[in-house]
Amino acid sequence: MRKLGVFICHCGVNIAGTVDVKSVAEEMGRVEDVAHSTDYIYMCSEPGQQIIREAIREKGLEGVVVACCSPSMHENTFRKAVKSQGMNPYLCEIANIREQCSWVHQKDREEATRKAAEIILATLEKVRKNESLEPIAMAIDRRVLVIGGGIAGMTAALDLAEGGYGVVLIEREPGLGGHMAQLSRTFPDLDPALPGLVAKASAVERHPKINLLCYSELEDVKGYVGNFDLTVRKKATLVDWEKCNGCGDCIRDCPVEYASPFERGLGMRKAIDLFYPDSVPSKPVIDREHCQYFLDKGCRRCEEICPKKAINFAQKDERIELKAGAIVVATGYELYPMERLGEYGYGQIPDVIDGLAFERMLSPNGPTRGKILRPSDGKVPKEMVFIQCVASRDPDRYMPYCSRVCCMYTAKHASFYKEQVPDGQPYIFYMDIRSDCKGYEEFLQKTIEERGLLYLRGRVSRVFQDDGKVRVLGVDTLTGRMVEVAADMVVLATAIVPSPGVKDLAAKLRATVDRHGFLTEAHIKLYPVESSTKGIYLAGCGQSPKDISDTVSQASATASKIQALLSTDKLLQDPLIAFVDEGICSGCGICVEICPYEAREMDRRRGISVVHEALCQGCGACIAACPNFACELRNSSASQTLRMVDTFVA
Amino acid sequence: MDYLYFPGCTLYTKAKNFDQTARNCSLLLGFELKELPNWTCCGATFPLATDNLMALLPPARILASAREQGTVLTTLCAVCFNVIKRTNRLFQEDGEKRDKINNFIEKNYQGDLRVVHYLEILKQEVGFPQLKERVKRPLTGLRAAPYYGCMLLRPFEEMEFDDKERPTIFEGFLEALGAKVVEFPYKIECCGSFQSVGSPDVATECAYKILGSAMKNGAEVVVSTCPMCTFNIDHKQSDIKQKYLDFKTIPVLYFTQLLGIAMGLDHRTLGFEQNFVDPLPLLKGKGLV
């Protein structure tokens, strides 16, 4: 028979105000195997823990029940305290008499006292049968996979690499930079976006600890935190990047031109071209869909001109097997497709463009060399309309959330427009202005005052082409009047949505997404960069819309969380998981189907089901599903649970 | 197949030409519009307040009585169509309101009627390609602007009539008749509706913009599906002319009148005397009458 100790916490008046702690302590002291029973005002305080430690030492206790708040608050505290006295921490259990007793029965002292005693008695039943357990130690791979080569992925990769960890950075496009590479200047400091970004991208490309795989996508993921097995598909660029010296002759000579997605359709690119002019790496890719060779084998000009013989039309996709201990998902965003915005012309009106297209127009290396010109006829627009909250904050029809960056970049856009076209008139339709980050409100006020921007508070109902103009029908809710503007050009601040394919990727990673497709964090305040799956971390707009400052902060936070995870040799895992009685298991496999963590597996040789210790989260689904009662949860066995139930119903 | 037909008040008075041409064309196309017996006014507007069940009684009564006669109900007037279709949808989706209204009107209508517009019959039952084959006098060279107005389309989640911002059914119909379709941006803008009673200036301005835009894009005739719209954009053209000196009149026809011409009906049966702007000079000029 074990010698047990019971320690009852007052939690100030939280428990003691309702439960008669003294009488409960006395009652527990009369239980046969309880060698020590006492109460104290704050058990979790240092003197409180000292009481527990001394009792273990002096009375030789072999099991402890602390009756206090929820185990999610202080289970760890007390387990550490008993461990310091040489007791196995899994022999210490919490009886929750605060959330589950005193707080909910404040009006009935007598009943609450009776119930508290029962909870403690039931917990004693559990401790009597608890086993001494050791945490499960797993070897970890100290490399990190970063998915996405935008500003978030690059920042996380560089931080991790600087910390000494090996990083594999995969990027779907042929070059680094993501959407930030499309921006002209960034608010609120109006710094040019590209120089800093290219410097960062070059640092990524050169870093000895970073293995950069552009034009690559994650195909398959197996394993678990500390030990992910990955398959990456490196798409065929049809150019041997090892041989290519980046001279650009092939690009110059290529006869095929098509609308560049990077330039948002405003500029052209060749069938063999860089991702964008300053792209890092500065190596071209052949686009199969547009290349004449793949249409009718009619052209091999790039192959002929290349001084390094780097063109290889026969190049195949390559599959690369990798291992990593942690994964950063930095998949970024896309703008809500204009083709789905009926009231703004379904993307069919050439002079109605989205924010990123306008950024390309403002960029010195963009299709218009930084000049603001109407896409339809190349004229300078004299009347400009900017519409905010397009498809954002519209729960009935589009996205219910705020896209965070539109207020600021619209002010920036209008300000650049006024700078370039002093006699032009910008109109901005807005719902309200959100400028809640450092320097934002100041930037906004300065812009409005200096540039004389005209803000109209209201929505636009329709936009259509009429007489060579874009007619904008809207309302000014401050004057209560309908507004009609015959604009030369309209810029839509369309909603930020997760980049395409994130749902599939999340499924591969067993990470979750919300109903809009943004990756979900484990806890919005306490674990904001961890996904709900261990070992998967988040950064950037794939998690939620955010600006560059927040993206970089989050990426660095993710990197430091991962450094903490990988700083040990072994990963310790809670041993409170399922185990199988091999003599009983019939190998039916129901548990394999039911396990949400892929932790159950058939051992074909022995004909039984086994538990993958590293993956099991101790949820108990397999235990409930097992028709033979062959699996149990450590320290929550059926006999323990039934004895606890007996205590309550007796 | 014959269709139960709810004409509505206007089609018995100001828009007889709409009603008559539709009935005659149906016969030529092989189906009959069987008028619902003892019909009443549709209520004229679908109530904006969600608890205003009183306003739903007339359309509910119409639907219940139609269900006793058949399974499909058609209308021509866009306003009636809007009210009846939305009431039908409410009967399908809101059991509580359905029971309440049924109890009051002492019927047991369950929302199991299909409410279709005449244009939908032409598209889905007759078929535009088949219609094209049966046209006797193609409207070749006639530049016609299809004017939808609001009532056929909005609210689009409830009406489910066509694309909310770029509908095409009307265009398909006019092409089948051989007309040249004039695309113009105001084709789904509001005509001013009942504002023509309380604030006529508002309605006049709406009509001026709609007609002006149609004419600017080359229209010779504007085609309507709605007596309300037609009142504002046809009958009020004298008001527009008084207010806007640059305004030139343009004929406005119901789509069934154009259908009648194309099906070879005698122009004297098409009720042009009820159209404010006489379309005969135009039609004669095109050799269509």
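Keep in mind that this is a model prediction, so the values were computed, not measured.

Basis of the calculations
- Residues numbered from 1 in each chain as written.
- Chains lettered and ligands numbered in written order.
- Predicted model: local features only at pLDDT ≥ 70, side-chain atom pairs only at ≥ 80, totals over all residues.
- pLDDT = per-residue confidence, 0-100.
- Domains from an automatic or database assignment.
- Contact = placed C-beta atoms within 7 Å.
- Helix = DSSP H or I, 4+ residues; strand = E, 2+ residues; numbered from the N terminus.
- Nonpolar A, V, L, I, M, F, W, Y, C, P; charged D, E, K, R; others polar.
- Pairing = 2+ DSSP bridges.
- Axes fitted to C-alpha atoms, helices over the stretch in contact; angles between N-to-C directions.

Trainee: Summarise the confidence of the model for chain B; cite the residues concerned and give the values.
Mentor: The predicted model of chain B averages 95 in pLDDT, with 100% of residues at 70 or higher. Across the predicted assembly, pTM comes out at 0.82 and ipTM at 0.83.

Trainee: I'd love a proper account of the domain arrangement of chain B, names of residues and values included.
Mentor: Interface size is commonly expressed as the accessible area that is lost once the parts come together. Residues and elements named next belong to chain B. Taken domain by domain, chain B holds domain 1 (3-118) and domain 2 (128-285). Once you take the C-alpha centre of each, domain 1 and domain 2 turn out to be 24 Å apart. With 23 residues of domain 1 in contact, the opposing surface of domain 2 contributes 23 residues. Looking at the side of domain 1 that touches domain 2, the elements with two or more residues in it are helix H1 (16-29) and helix H3 (78-93). Per-element accounting of the side of domain 1 that touches domain 2 gives the leading share, 10 residues, to H1. For the side of domain 1 that touches domain 2, the residue count by class is 11 nonpolar, 7 polar and 5 charged.

Trainee: Report on unusual backbone geometry, specifying residues and quantitative values.
Mentor: Geometrically, the link from A:Phe187 to A:Pro188 is a cis peptide bond, its omega value of -5° lying close to zero. Note on placement: A:Pro188 falls in the loop between strand E8 (185-186) and strand E9 (191-192). With an omega dihedral of -5°, the bond running from B:Arg154 to B:Pro155 counts as a cis peptide bond. Looking at the element boundaries, B:Pro155 is found in the loop between strand E5 (143-146) and helix H7 (156-159). Backbone geometry places A:Phe629, a non-glycine residue, at a positive phi of 55°.

Trainee: Just give me the short version of the sheet that holds strand E3 (residues 72-75) of chain B, but keep the residues and values in it.
Mentor: Strand pairing within a sheet occurs via backbone hydrogen bonds; the two strands may be parallel or antiparallel. Residues and elements named next belong to chain B. Taken together, the 4 strands give an open sheet; going across it, the order is E2-E1-E3-E4, and neighbouring strands pair in parallel fashion. Of all the strands in the sheet, the pair left with one neighbour each is strand E2 (33-35) and strand E4 (114-117). Put simply, the sheet's adjacent strands are angled 40° from each other on average, direction ignored. Here 3 bridges tie strand E1 (residues 3-6) to E2, and the two strands are oriented parallel to one another.

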